[in-house]
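Observations on the model geometry
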Amino acid sequence: MNEHYPFVNPPLPYAYDALEPFIDTKTMCLHHDRHLQTYVNNLNETLKGWCDLHDWSLEKLICNADCLPEVIRQSIQNNGGGVYNHIFYFNGMSDLESRSNAGMLFSAILEDFGSIDSFFQEFKNKALSVFGSGYAWLVLERGSGLKLVTSANQNTPIVKNLCPIAAIDVWEHAYYLKHYNQRAAYIDDWFQVVDWCYANELYMKYKSSPS
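To start, this report covers the structure provided alongside it. If you're wondering where the values come from, they're calculated on a predicted model, not measured in any experiment.

**Section: the packing of helix α4 (residues 103–113) against helix α8 (residues 196–208)**
The relative placement of two packed helices comes down to the angle between their axes together with the axis-to-axis distance. α8 packs onto α4 with a crossing angle of 80° between their chain directions and a minimal axis gap of 7 Å. When the interaxial angle is binned, α4 and α8 end up roughly perpendicular. Here α4 contributes G103, M104, L105 and A108 to the contact with α8, which in turn contributes W196, A199, N200, Y203 and M204.

Here is the structure:
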């Protein structure tokens, strides 16, 4: 992923069929190669004529969208968010056996949610509560701890100064080919491929960062 314009669609960090049988190959191909690519293309098209924004990072664009010219503001929010959220979602899954090694994040989850079972249930409830399209996130709120939040469409928690740790995409295109309208079944399968090792790396990075 380029850090600034022109943005590119990075390859998946695993094969398209690596998450079978939990996330099917066809969904991964369409989700990454069609849906994410469209957001990348639209974001680049929006930025093409705005040379003063070409050195802005994706996060800077998203977090400062309210300060951008009105004519491109909504497109940056929608397409920039679509790029950020999808890359985060794809990077947060793995077929590696080490994916269950949550490290210090495991202890933090126990402290903030009481038990792993209650954490999974609360996460699932959050994901099910999203009306229409959006995401459910595990985030770190500095000075407070871990919390579960949702976002609509392609909104992102970074605009609220929250640090994303893990996220599930609950737009129907993320699961409809395999699970049809059964979002709960998709969520259960997603839990089987979450890369908690990667989530822990993010958690430790945010915990050690002063701001």
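Picking up where we left off.
**A word on the state of the cysteines**
Per the counting criterion, the structure on display carries zero disulfides. C51 forms no disulfide, and the closest cysteine sulfur to it belongs to C67, at a distance of 20 Å. Accessibility expressed as a relative area gives 60% for C51, which makes it exposed.

**Some remarks on the environment of V83**
By the secondary structure assignment, V83 is in helix α3 (residues 70–91). For V83, a relative accessible area of 0% translates into the label buried. Note: C-alpha distance between V83 and E20 (63 residues apart in sequence) is 24 Å.

**Description of the sheet that holds strand β2 (residues 145–152)**
Pairing is antiparallel in the open sheet, where three strands are placed in the order β2-β1-β3. Every other strand in the sheet has two partners, leaving β2 and β3 (163–169) as the edge strands with one partner each. Within this sheet the neighbouring strands show an average axis-to-axis angle of 25°, counted without direction. Two strands pair when backbone bridges link them, and strand β1 (residues 134–141) and β2 are joined in this way by eight bridges, in the antiparallel orientation. Paired with G134 across the two strands is A152, which belongs to β2. The strands touched by α4 are β1, β2 and β3; relative to β2, the strand with the most contacts, the crossing angle is about 85°.

**Describing the pattern of salt bridges**
Scanning the model with the defined rule gives three salt bridges in all. Close ionic contact of K124 with D188 constitutes a salt bridge, the shortest N to O distance being 3.0 Å. Note that K124 is positioned in helix α5 (residues 116–129) and D188 in helix α7 (residues 183–191), a separation of 64 residues in sequence. Overall, K124 belongs to the buried group, its relative accessible area being 17%. Notably, a salt bridge pairs K147 with E141, separated by 3.4 Å at the nearest N-O pair. The class of K147 is partly exposed, set by a relative accessible area of 31%. The exposure class assigned to E141 is partly exposed, which follows from its relative accessible area of 26%.

**Considering the packing of helix α1 (residues 25–47) against α3**
Between α1 and α3, the shortest axis-to-axis distance is 9 Å and the interhelical angle comes to 145°. Our pair here, α1 against α3, has a crossing hand that is left-handed. Here M28, H31, H32, L36, Y39, V40, N42, L43, T46 and L47 of α1 come into contact with α3, specifically with I72, S75, I76, N78, N79, G80, G82, V83, H86, I87, Y89 and F90. Along the lines of polarity and charge, the residues of the contact of α1 with α3 split into 12 nonpolar, 10 polar and no charged.

**Considerations on the nonpolar core**
For soluble globular proteins, nonpolar side chains are generally found buried alongside one another. Counting 69 residues, the largest nonpolar core has M93, L105, F123, L138, L146, I165 and W196 as the members making the most contacts within it. Looking at this core, the element that brings in the most residues is α3, giving eight residues. Those residues in contact with F123, other than ones at most four positions away along the chain, are A136, W137, L138, L148, A166, I168, W190, F191 and W196.

**As for the packing of aromatic side chains**
For the coordinates displayed, the defined rule picks out 15 aromatic pairs. Measuring from ring centre to ring centre gives 5.7 Å for F119 and F123, while their planes differ by 70°; the resulting arrangement is edge-to-face. Taken as a pair, F119 and F123 lie in helix α5 at a separation of four residues, close to a single helical turn. Note on accessibility: F119 and F123 belong to one class, buried. When the centroid spacing of 6.5 Å and the interplanar angle of 75° are considered together, the rings of Y176 and Y180 count as edge-to-face. Overall, Y176 belongs to the partly exposed group, its relative accessible area being 41%.

The rules behind the values
- Throughout, a residue's number is its position along its own chain's written sequence, starting from 1.
- This being a predicted model, a pLDDT of at least 70 is required before a residue's local features are given, and a value of 80 or more before pairs of side-chain atoms are given or counted; all residues contribute to the totals for chains, interfaces and linings.
- Water and hydrogen atoms play no part in the side-chain values, which are based on all heavy atoms of the structure.
- Axes, fitted as lines to C-alpha atoms, cover a helix only where it is in contact. Angles between the N-to-C directions of the axes lie from 0 to 180 degrees.
- Note on conventions: DSSP H or I runs of at least 4 residues are helices, E runs of at least 2 residues are strands, and numbering of each starts at the N terminus.
- Here the word oblique covers every angle except those under 35 degrees (roughly parallel), over 145 (roughly antiparallel) and from 65 to 115 (roughly perpendicular).
- Only heavy atoms enter the contact rule, under which two residues are in contact if any of them lie within 4.5 Å.
- The disulfide definition used here is simple: a pair of cysteine sulfur atoms within 2.5 Å.
- The buried label goes to any residue with under 20% of its type's maximum accessible area, the exposed label to any with over 50%, and the partly exposed label to all in between, with areas taken from a 1.4 Å probe on protein chains only.
- By this definition, two strands are paired if DSSP reports at least two bridges between them.
- A pair is scored as a salt bridge if a Lys or Arg side-chain nitrogen falls within 4 Å of a carboxyl oxygen belonging to Asp or Glu.
- Handedness of each helix crossing follows the sense of rotation of the near helix against the far helix: counterclockwise by less than a right angle gives left-handed, clockwise gives right-handed.
- Three categories are distinguished: nonpolar for Ala, Val, Leu, Ile, Met, Phe, Trp, Tyr, Cys and Pro, charged for Asp, Glu, Lys and Arg, and polar for the others, with Gly belonging to the last.
- Remark: nonpolar core denotes a set of buried residues (Ala, Val, Leu, Ile, Met, Phe, Trp, Tyr, Cys) joined through side-chain atoms within 4.5 Å.
- Aromatic rings from Phe, Tyr and Trp, with only the six-membered ring used for Trp, were paired whenever their centres fell within 6.5 Å, and each pair was classed as stacked if the ring planes differed by under 30 degrees, edge-to-face if by over 60, and tilted otherwise.

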